[in-house]
Amino acid sequence: MEEGPKGKKTIFIGGIGEDVDETIIFENFSTFGDIIEVQLPSAATNPALQAESKHRGFAFVTYASPADAQDAIDNMDLNELRGRVLKVNIARPMKGGIQPGAGNRAIWESEEWLQQYAKPLAQSGGVQGRTAQRSDSQEPEDNENDEDEAGMEE
């Protein structure tokens, strides 16, 4: 197998069974070198429920050296762990321009995006803008509608 990109120390492990946890991954992959971190992303969308939820079926292991990471790939790719065949390779950054620390947040939750694209509610024609327009231009009609609605309730 060819050498991975220089300096890459994190590997991706796919195809992990539901009964596998971080300890099992650590035990099986620490034979190839010193592990700095094991990440097993949770399937929970609510961070408060992460402890109760299952993982997403993949993990990331960060080694102290790129050579250790390559050894783990060479030895564990397409091998079995608890009845499941693993796919092991160098972890690659997610495609797209996701900002560090943004996680899975929507783009409009970013303060920079809001400052650049969002208008104050009164200027955007939002609820307050529509309410102000209605009260200025349709006040007599609103009263008629109220009377009609009152007659319908009886």
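The residue numbering used here restarts from 1 in each chain and proceeds along that chain's sequence as written. Given that this is a predicted model, residues contribute local features only at a pLDDT of at least 70 and side-chain atom pairs are listed and counted only at 80 or more, while totals for whole chains, interfaces and linings are drawn from all residues. Only hydrogens and water are removed before side-chain values are computed, so all heavy atoms of the structure are retained for them.

An unreviewed UniProt entry annotates the protein chain as RNA-binding domain-containing protein originating from Hygrophoropsis aurantiaca.

Only runs of H or I of at least four residues qualify as helices and only runs of E of at least two qualify as strands under DSSP, and these elements are numbered from the N terminus. The secondary structure content of the protein chain amounts to six helices and six strands. Sequence-distant contacts in the protein chain: of pairs separated by 6 or more residues, those separated by 24 or more amount to 63%. For the protein chain, the computed accessible surface area is about 11,400 Å², with 48% contributed by carbon and sulfur atoms. Whether two residues are in contact is decided by their heavy atoms, any of which lying within 4.5 Å being enough. Only the protein chains shown count as covering a residue, and every accessible area follows the Shrake-Rupley method with a 1.4 Å probe.

Take a side-chain nitrogen of Lys or Arg and a carboxyl oxygen of Asp or Glu: if they are within 4 Å of each other, that pair is a salt bridge. Scanning the model with the defined rule gives three salt bridges in all. Glu-18 is the salt-bridge partner of Lys-54, the closest N and O atoms lying 3.9 Å from each other. Of this pair, Lys-54 sits in the loop between strand E2 (35–39) and strand E3 (58–63) while Glu-18 sits in the loop between strand E1 (10–14) and helix H1 (22–29), and the two are 36 residues apart along the sequence. On the basis of relative accessible area, Lys-54 is assigned to the exposed category, the value being 51%. The partner of Asp-77 in a salt bridge is Lys-87, with the nearest N and O atoms 3.6 Å apart. Of this pair, Asp-77 sits in the loop between helix H2 (66–76) and strand E4 (80–81) while Lys-87 sits in strand E6 (residues 87–90); the two residues are 10 residues apart in sequence, bridging distant segments of the chain. Note on exposure labels: buried denotes an accessible area under 20% of the residue type's maximum, exposed denotes more than 50%, and partly exposed covers the range between, all computed with a 1.4 Å probe on protein chains only. On the basis of relative accessibility, which here comes to 41%, the residue Lys-87 falls in the partly exposed class.

Below, the discussion takes up the pairing of E1. When E1 meets E3, the two strands line up antiparallel, connected through five bridges. Within the sheet, the bridge partner assigned to Ile-13 lies in E3 and is Ala-59. Alignment of E1 against E6, held across four bridges, turns out to be antiparallel. Paired with Phe-12 across the two strands is Asn-89, which belongs to E6. Following DSSP output, two strands are said to pair if at least two bridges run between them.

With respect to the helices and strands, the residue Asp-68 is situated in helix H2. A residue counts as positive if it is Lys or Arg and as negative if it is Asp or Glu; His and the chain ends are not included. At 9.5 Å, Lys-9 is the nearest oppositely charged side chain to Asp-68, a buried residue that forms no salt bridge. What Asp-68 contacts, discounting residues up to four positions off in sequence, is Phe-32, Gly-33, Asp-34 and Tyr-63.

This paragraph deals with H2. Among the residues of H2, Asp-68, Ala-69, Gln-70, Ala-72, Ile-73 and Met-76 are the ones counted as buried. Buried residues belonging to H2 abut E1, H1, E3 and E6. One or two positions beyond H2, positive phi appears at Leu-78, with a value near 65 degrees.

Attention now moves to the packing of aromatic side chains. Here a pair means two rings of Phe, Tyr or Trp (six-membered ring of Trp) with centres within 6.5 Å. Their orientation is stacked below 30 degrees between planes, edge-to-face above 60, and tilted elsewhere. The full count for this structure, using the stated rule, is four aromatic pairs. Aromatic ring contacts, followed pair by pair, group Phe-12, Phe-58 and Phe-60 into a single cluster.

Residue placement: Asp-19 occurs in the loop between E1 and H1. Taking the C-alpha atoms as reference points, Asp-19 and His-55, 36 residues apart in sequence, are found 9.5 Å from one another. Residue contacts for Asp-19: discarding those within four places in its chain leaves Ile-24 and Arg-82.

Time to look at the sheet that holds E6. In a beta sheet, neighbouring strands pair by backbone hydrogen bonds and run either parallel or antiparallel. The four strands are arranged E2-E3-E1-E6 in an open sheet whose pairing can be described as antiparallel. Two strands close off the open sheet at either side, each with one partner strand: E2 and E6. Strand after strand, the sheet turns through a mean of 20 degrees between neighbouring axes, direction not considered. The pairing of E2 with E3 spans four bridges and is antiparallel. What sits directly across from Glu-37, in E3, is Thr-62. Only the contacting stretch of a helix is used when fitting its axis, a line to C-alpha atoms as for every element, and angles between N-to-C directions run 0 to 180 degrees. In this fold H1 packs onto E1, E2, E3 and E6, with an angle of close to 145 degrees to the strand it touches most, E2. Here H2 sits on the sheet in contact with E1, E3 and E6, set at roughly 155 degrees to E6.

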